[in-house]
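Here is what each chain is made of, one letter per residue.
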Amino acid sequence: MEGLGGGTVTAAKTTALSSAVHTYRATIKDPDEVSISIWYDPTDTVHKFLRNWCDTPTNGPYNLQVIESTGNTNSNAIFNTVITKFSPSTPDVEANLTADLTFKITGATIWTNST
């Protein structure tokens, strides 16, 4: 998984004519996209949902939750998102089917820790 928690905060100038050096303030954060690759099963209910979500982009946004395990503690990320890419791949006869997915986070990501 790539991009979870990332993003860009643009800087806006606050410099006055009397300033000797430019000054800035932070503006609103633009969250990154989250990208994942999965082993794809076209008959799986969740995989069908993701495929159909991308086929009908007016569905959503939806809340997704990611749980990252660090051994003794879990870090949970909950975010509202829209799907922007669902790209299945069939490399060859002996390989697993895969799919690349990309989600655009809309709004803040809520982080919690649990044991």
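About the criteria used
Residues numbered from 1 in each chain as written. Predicted model: local features only at pLDDT ≥ 70, side-chain atom pairs only at ≥ 80, totals over all residues. Heavy atoms only, no water. Helix = DSSP H or I, 4+ residues; strand = E, 2+ residues; numbered from the N terminus. Rg over C-alpha atoms; globule rule 2.2 N^0.38 Å. Buried < 20%, exposed > 50% of the residue type's maximum accessible area, 1.4 Å probe, protein only. Areas by Shrake-Rupley, 256 points an atom, 1.4 Å probe, with all protein chains shown as cover. pLDDT = per-residue confidence, 0-100. Salt bridge = Lys/Arg side-chain N within 4 Å of Asp/Glu carboxyl O. Contact = heavy atoms within 4.5 Å.

Some remarks on the overall build of the chain
Here is step 1 of the chain: Looking only at helices and strands, one finds one helix and seven strands in the chain.
Here is step 2 of the chain: Taken over the C-alpha trace, the chain has a radius of gyration of 19 Å; the compact-globule value for 115 residues is 13 Å, which it surpasses by more than 25%.
Here is step 3 of the chain: Projected onto its principal axes, the C-alpha coordinates of the chain cover approximately 70 × 35 × 30 Å.
Here is step 4 of the chain: Taking all 115 residues of the chain together, 19% fall into the buried category.
Here is step 5 of the chain: In the structure as shown, the chain presents an accessible area of about 8,000 Å², 52% of it carried by carbon and sulfur atoms.

Side note on the confidence of the model for the chain
Low-confidence regions, as indicated by low pLDDT, have predicted coordinates that should not be scrutinised in detail.
Here is step 1 of the chain: Averaged over every residue, the pLDDT of the chain is 91; residues scoring 70 or more account for 99%.
Here is step 2 of the chain: When mean pLDDT is taken per element in the chain, strand β6 (residues 98-105) scores highest with 95 and strand β7 (residues 110-114) scores lowest with 86.

Brief notes about the pattern of salt bridges
Here is step 1 of the chain: Enumeration over the complete set of coordinates arrives at one salt bridge.
Here is step 2 of the chain: Across the pair Asp 30 and Lys 104 runs a salt bridge whose closest N-O atoms are separated by 3.1 Å. With Asp 30 in strand β2 (residues 24-31) and Lys 104 in strand β6, this residue pair connects regions lying 74 residues apart in the sequence.
Here is step 3 of the chain: With relative accessibility at 44%, the residue Asp 30 sits in the partly exposed group.

Section: the environment of Ala 95
Here is step 1 of the chain: Residue position: Ala 95 is located in the loop between β5 (74-89) and β6.
Here is step 2 of the chain: Given the relative accessible area of 31%, Ala 95 is considered partly exposed.

Observations concerning the environment of Lys 85
Here is step 1 of the chain: Tracing the backbone through its elements, the reader meets Lys 85 in strand β5.
Here is step 2 of the chain: In this structure the C-alpha to C-alpha distance between Lys 85 and Leu 64, which are 21 residues apart in sequence, comes to 16 Å.
Here is step 3 of the chain: Contact partners of Lys 85, with chain neighbours within four places excluded, come to Cys 54, Asp 100, Leu 101 and Thr 102.

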